[in-house]
Amino acid sequence: MLFNSYIFIFAFLPVALLVFYRLGKVSRRLAALWLAAASLFFYGWWDARFVGLLLASVVFNYATGYLIGHRLQRGRAAGVLLAGAIGVDLALLGYFKYANFFVANFNAVFGFNLPIGEFFLPLGISFFTFTQIAFLVDTWRGKVREYDFTHYLLFVTYFPHLIAGPVLHHAQMMPQFARPATYHVNWENIALGVSIFVLGLAKKVLLADSFAEFSSPVFDIARDGGQPMFFEAWIGALSYTLQLYFDFSAYSDMAIGLSLMFNVRLPMNFNSPYQATSIIEFWRCWHMTLSAFLRDYLYIALGGNRKGTVRRYANLMATMLLGGLWHGAGWTFVMWGGLHGVYLLVNHAWRGFKGRMGWGAGGFMARLLAGGLTFLSVVVAWVFFRAESFSAAIAVLSGMSGARGISLSDSVGTHLGAFALKLEQQNVVFSGLVPLSGVNPDKALILIILGLMVVWLLPNIAQMTQRYRPTWESLQGEGVEGGWLTRLLAWRPNALYALLLGVLFAWSVFSLTQISEFLYFQF
Amino acid sequence: MRKFLIYFIIFSSATALGLAAINWKVDPYAIFQTRGGLAKGEVSPLLTLNERVFKTVLLARENPAAIILGTSRADIGMDPDHPALGGKRAANLATFGQPIAESRQLLALAASGGGLKTAVVGLDFFAFNALFPYPSDFDTENFAESRPLQLAFSVTTSLDSWKYRKRARRAAGDCCLSNGARYPNRPDQFVGHYRSHFMSSERMYLLEKYLPSPGCAFSFAGRKHASTLDELRAMMALAHAKNIALKLFVSPSHARQWEVVASAGLWAQWQQWKRELVRINGEEAARAGRNPFPLWDFSGYNAITTEAVPREGDLQTRMRWYSDSSHYVPALGRVILDKMFAQPVSASNIASSIPDDFGVLLTPATLDTQLAAIRRGHDEYRATHPADVAEIAGVAAEAAHRKYCAASAR
């Protein structure tokens, strides 16, 4: 079931909420079980076959965690059990997500012809595998306090996050399910949750989906062997950059809003990442829960920065490469992770150099330059992330660099007269800005400029609602700063805001006629 | 906070209901209340670009007894009011650039009501090119059962309602009359510039239909879907199963159109396509234990299809059968239906102008003879119309220069 579908908005959600609070008056356990059952129904709406797999995974990991935490503590047997259980989790993930990738590469390297099967990827398997590995590791580390199975089941299956994150941590979630207040109607949380959900929905259907019509044709052409020229390549790359951010952050916003309606605060997943002035900062603001997971359970487990600079950089690189592979079974994803790994190494080295030289953060222009460079690096990496092959990525990137020439509109050619002929010798043609994909270049440019202004200048939803503490972090007193625009747009429970959100909601629902899937479902 | 939520519910409901009421009232696709109020033959106040919505969401679901399927040739040229189609419950469901897969979907939708008896299907070679992209107004959602309701609560409908306010009601060539036929072109619409109109259509076919970018190839099998020929096979299987009389015909485009096919290097594939049509028709009939469906080929060379194209600027000559190389006029569409339904030519004034060899029933027995006749006709046309042939060669060269083809396609 998609968050941006009629069935979810007008049937599933109201029923889930009503029954939850009705049962909450009778029994908190019953209400929690209901929410877990509703979540499984939500999950099974796509493909009921995988509900069993999800449940089996939950029971297996809970039982293992319980054994490690209660019976074995930190003994040798606990370590073996932990390694075995993580192995099983990763094997399951590997079987569904990476089997074909490995077989194809094995065939290519060793000249075998092993068959490649058709696997249906169970939705959200990457997410529920990671959340549970974190639980297992923490039981072994002795950090887990609560072992209530109902709360565990709910923590893993909880529908707002199940399909595309945020990657939840048991220590953030299970105590919230244990709180009695969670099961009582809180109108402030519901009003705020509805508002955040509506803003997320609008972001998805009005912004993210608008960019898809420009990015897909350009990357499709590159996939088919085409060589997009300058403007076309940039339109494709920037559209995808904006589409992915609006799409994924909208999903996270909707998840935060939905969860708030159930009095549960999810962690923040995005904090205006395209405003970052360094790659290090970008990763603190992009898919924050995944970054935290990779940091805590991979980078630190590999030794983090405790074993010297070289080892630290190697750990960082390994983390980013695996993070890339986590996003998809393909070398382009590994390349994306690798690129970000290199960016991070350069960023850390630069920071060290700046520190040694005693240079400060720099003025406005320095920050602008740093922000521009960071954004450009991120856009370049997204090209690998989006492209279906290396050759397609190279085609788009060489188009962006201008190496494939520039195509201008016919009318420009007519106006330039004889000079146009000279330009034609310099790899300039006059076949329109987007000769290959046929997208509407005027609309694309206007939307891209608008989209960039939104991501660079406007506050994010967590900032706009910060006063009401919508996220898990805000509950811990961690705020996100904002300027005068944030204060101006800050959410207020008044009639004007209700009017604006009401119109936005109606308009967004009216835009659902063509259902489109969230990009992050594939990861 | 409760007050805020109440306000929110009131404002969002009011906006939604207000927009839906406007959508219903303006009814830009004529799928809500307008259609019921239309007299037969009256023009629906539609935007031309939305004919697919009207035909898929409304017409195909009205349990028609007879339908016409196909591309813009059938859309523009075939009149569902023809007596052979039985009058009232006949609908023209042909649309611009209708791939054969869409024809199959429309046939299934129209047959789902149980009343469909006859389906006339215009077959066009390019509609079987799996690399030919679906037209941008095609939307799978139009086939969803709840589509009318979705469209009542749709922002697209609201935006089209807004656009519709500015649109004049009737324009030549607009979609659609209440039975799906197009409002006819003015008889003198192309007088004086037939030739340039022919050339621009030919250029478009070379750029977008026969060898579309970026693959610049023609293939019955696409990247993701199975052979387009299987779509036709599925149509035949459905028609046999539901007892629907399928009447198939290859469009009678102008001889220049086949010169375009030849200049694209697709002559052999075009001939092979006809062989496949005959083969599949036979196989599906055998599978169903029935006779093959009548399959007519109107693409031969004769007095109609080789009609002279007036020189540019000739303000006196009006073409009788064609508006461009691929599209024939409704009068010829009527003759096609006369022929397919074994009726005397309905308009007596043109009966004498219809050559006997206009339309050949394709069967395994007639196939080779017909293909040989077309080959001869082609050779003869090239010999007798060097100026036309040279003109098309020029268009093909220009299209090849303008067209973008992926490296692998070059």
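Just above sits the structure.
Note that this is a predicted model, so its numbers are computed, not measured.

*Asks:* I'd like a rundown of the overall build of chain A, residues and numbers included.
*Replies:* Looking only at helices and strands, one finds 23 helices and 2 strands in chain A. For chain A, the proportion of its 523 residues judged to be buried stands at 55%. In chain A, of all internal contacts separated by at least 6 residues, the share reaching a separation of at least 24 is 75%. Of the roughly 22200 Å² of accessible surface on chain A, 66% is carried by carbon and sulfur atoms. Distance between charge centres in chain A, computed from 35 positive and 24 negative side chains, equals 13 Å.

*Asks:* I'd like to hear about the overall build of chain B, residue by residue, with values.
*Replies:* Across its full length, chain B carries 15 helices and 6 strands. The 410 residues of chain B split such that 56% are buried. Residue pairs in contact within chain B that sit at least 24 positions apart in sequence constitute 79% of those at least 6 positions apart. Total accessible area computed for chain B in this model is approximately 17100 Å², and 57% of it derives from carbon and sulfur atoms.

*Asks:* Explain the packing of aromatic side chains residue by residue, including any values.
*Replies:* Applying the stated rule across the entire model yields 81 aromatic pairs over all chains. Their ring planes at 65° and their centres at 5.9 Å tell us that A:Phe8 and A:Phe159 sit as a pair that is edge-to-face. One end of the pair, A:Phe8, is in helix α1 (residues 6-26); the other, A:Phe159, is in helix α7 (residues 159-162), and 151 residues separate them in sequence. For the residue pair A:Phe8 and A:Phe159, the accessibility class agrees, reading buried in each case. On the numbers, 5.4 Å between centres and 85° between planes, the contact of A:Trp491 with B:Phe4 is edge-to-face. Placement of A:Trp491 in the loop between α22 (484-489) and α23 (495-510) and of B:Phe4 in helix α1 (residues 2-26) is noted, with the two residues assigned to different chains. Using a relative accessible area of 3% as the deciding quantity, one classes A:Trp491 as buried. Stacked on the ring of A:Tyr240, the Lys or Arg A:Arg386 has its end atom at 5.8 Å from the ring centre. B:Lys209 extends its terminal NZ or CZ atom over the ring of B:Phe126, reaching a point 4.9 Å from the ring centre.

*Asks:* Could you give an account of the pattern of salt bridges, naming the residues involved and the relevant values?
*Replies:* For the structure shown, the criterion picks out 35 salt bridges over all chains. A salt bridge links A:Asp148 to A:Arg29; the shortest N-O distance between them is 2.7 Å. Remark: A:Arg29 occurs in helix α2 (residues 28-44) and A:Asp148 occurs in the loop between α5 (125-140) and α6 (149-157); sequence separation between them is 119 residues. Taken together, the shared-partner salt bridges in this structure form one network comprising B:Asp230, B:Arg233, B:Glu276, B:Arg279, B:Glu283, B:Glu284 and B:Arg287.

*Asks:* Lay out a nonpolar patch on the surface in plain terms, naming residues and giving numbers.
*Replies:* A cluster of nonpolar side chains, A:Phe106, A:Val109, A:Phe110, A:Phe112 and A:Leu114, forms an exposed patch at the surface whose accessible area comes to about 500 Å². The exposure class assigned to A:Phe106 is partly exposed, which follows from its relative accessible area of 34%.

*Asks:* Run through the side chain of A:Ser511, naming residues and quoting values.
*Replies:* Examined against the element boundaries, A:Ser511 turns out to sit in the segment after α23. A relative accessible area of 16% means that A:Ser511 is categorised as buried. For A:Ser511, the side chain forms a polar contact with the main-chain oxygen of A:Trp507, separated by 2.8 Å. The residues touching A:Ser511, leaving out its near neighbours within four places in the chain, are A:Val205, A:Leu206 and B:Val155.

*Asks:* Residues and numbers for the sheet that holds strand β3 (residues 118-123) of chain B, please.
*Replies:* Residue and element names in this part refer to chain B. The strand order β2-β1-β3-β4-β5-β6 describes an open sheet built from 6 strands, whose pairing is mixed. Each end of this open sheet is capped by a strand with a single partner; those strands are β2 (90-92) and β6 (360-361). Pairing between strand β5 (residues 295-297) and β6: 2 bridges, direction antiparallel. Looking at β6, one finds that aspartate 297 is bridged to valine 360. Contacts from helix α9 (residues 228-241) reach β1 (66-69), β3 and β4 (245-250) within the one sheet, and its direction differs from that of β4 by about 150°.

*Asks:* Break down the interface of chain B and chain A for me, with residues and values.
*Replies:* Tallying the contact residues gives 30 residues for chain B and 36 residues for chain A. For the pair chain B and chain A, the summed buried surface comes to about 2600 Å²; carbon and sulfur atoms form 76% of the total. The interface formed by chain B and chain A holds 0 salt bridges in total. Across the chain B-chain A interface, the total number found is 1 residue pair in polar contact (both at pLDDT 80 or more). When the residues that make up the side of chain B that touches chain A are grouped by side-chain class, the tally is 17 nonpolar, 8 polar and 5 charged.

*Asks:* Lay out α9(B) in plain terms, naming residues and giving numbers.
*Replies:* Residues and elements named next belong to chain B. End to end, α9 covers 20 Å across 14 residues, agreeing with the expected 20 Å (1.5 Å per residue, within 8%). Those residues of α9 not exposed but buried are Thr228, Leu229, Glu231, Leu232, Arg233, Met235, Met236, Ala239 and His240. Its side-chain oxygen 3.0 Å from the backbone nitrogen of leucine 229, serine 227 forms the N-cap of α9. Asparagine 243 sits one or two positions beyond α9 and adopts a positive phi of about 60°.

*Asks:* Help me get a handle on empty space enclosed by the protein, residues and values and all.
*Replies:* In the structure shown here, the tally under the stated rule is 5 cavities of 30 Å³ or more. Estimates place the volume of the largest cavity at around 120 Å³. A:Asp253, A:Ile256, A:Phe270, A:Ile461 and A:Ala462 are the residues nearest the centre of the largest cavity, which is lined by 16 residues in total. Of all the elements in the fold, those that place two or more residues in the lining of the largest cavity are α9 (187-223), α10 (230-261) and α20 (461-464) of chain A. A total of 5 residues in the lining of the largest cavity trace back to one element, the largest contributor, which is α10(A). Considered class by class, the residues forming the lining of the largest cavity number 8 nonpolar, 6 polar and 2 charged. Counted as a void, the second largest cavity has a volume near 90 Å³. Lining the second largest cavity are 15 residues, and of these B:Asp124, B:Phe125, B:Tyr210, B:Ser253 and B:Trp258 sit closest to its centre. At the level of secondary structure, the elements contributing two or more residues to the lining of the second largest cavity comprise α10 (255-263) and α11 (267-288) of chain B. Within the lining of the second largest cavity, the residues separate by chemical class into 9 nonpolar, 4 polar and 2 charged.

*Asks:* Break down the environment of A:Trp507 for me, with residues and values.
*Replies:* As for its placement among the helices and strands, A:Trp507 is situated in helix α23. With relative accessibility at 31%, the residue A:Trp507 sits in the partly exposed group. Excluding residues within four positions of it along the chain, A:Trp507 makes contact with A:Leu206, B:Leu19, B:Val155 and B:Leu159.

Reading the values: the criteria
- Every chain is numbered independently, its residues counted from 1 as its sequence is written.
- Here the convention is simple: chains get letters from A, ligands get numbers from 1, in the order in which they are written.
- With pLDDT at 70 or above as the cut-off, local features in this predicted model cover only qualifying residues; side-chain atom pairs require 80 or more to be listed or tallied, and sums for whole chains, interfaces and linings still use all residues.
- In computing side-chain values, all of the structure's heavy atoms are included and hydrogens and water are not.
- The secondary structure listing takes helices from DSSP runs of H or I that are at least 4 residues long and strands from runs of E that are at least 2 residues long, numbered from the N terminus.
- Any residue under 20% of the maximum accessible area for its type is buried, any over 50% is exposed, and the rest in between are partly exposed; the area is computed with a 1.4 Å probe on protein chains only.
- Between two residues, a contact is recorded if the distance between any of their heavy atoms is within 4.5 Å.
- Working definition of accessibility: Shrake-Rupley area with a 1.4 Å probe, residue cover restricted to the visible protein chains.
- When charges are counted, Lys and Arg contribute as positive and Asp and Glu as negative, whereas His and the chain ends are disregarded.
- Taken as the charge centre is NZ of Lys, CZ of Arg, CG of Asp or CD of Glu, depending on the residue.
- Ring geometry is summarised as follows: Phe, Tyr and Trp rings, the Trp one being its six-membered ring, pair when their centres sit within 6.5 Å, and such pairs are stacked at plane angles under 30 degrees, edge-to-face over 60 and tilted between the two.
- By definition, being over a ring means that NZ of Lys or CZ of Arg is both within 6 Å of the ring centre and within 35 degrees of the ring normal.
- Between Lys or Arg on one side and Asp or Glu on the other, a salt bridge is scored when a side-chain nitrogen of the former is within 4 Å of a carboxyl oxygen of the latter.
- Like charges within 9 Å and nonpolar side chains (Val, Leu, Ile, Met, Phe, Trp, Tyr) within 5 Å are joined into patches, using only residues over 30% in relative accessible area that form no salt bridge.
- For this analysis, a polar contact is any N or O atom pair within 3.5 Å, provided that within protein one partner can donate a hydrogen and the other can accept it, and provided that sequence-adjacent residues contribute only side-chain to side-chain pairs.
- Whether two strands pair depends on DSSP finding at least two bridges between them.
- Axis definition: a line fitted to C-alpha atoms, over the contacting stretch in the case of helices. Angles run 0 to 180 degrees between N-to-C directions.
- Accessible area that two parts lose when put together, evaluated with a 1.4 Å probe and summed over both, is termed the buried area.
- Gly falls in the polar group here, along with every residue not listed as nonpolar (Ala, Val, Leu, Ile, Met, Phe, Trp, Tyr, Cys, Pro) or charged (Asp, Glu, Lys, Arg).
- Under the convention used throughout, the expected extent of a helix is 1.5 Å for every residue step, that is, one less than its residue count.
- Both cavities and pockets are sets of points on a 1 Å grid over the protein atoms alone; in a cavity a 1.4 Å probe fits but cannot get out, in a pocket the set is open with protein on both sides within 12 Å along at least five of seven lines, and lining residues sit with an atom within 4 Å of a point.
- Grid points are joined across faces, edges and corners, and a volume is the space filled by probe spheres set on the points.

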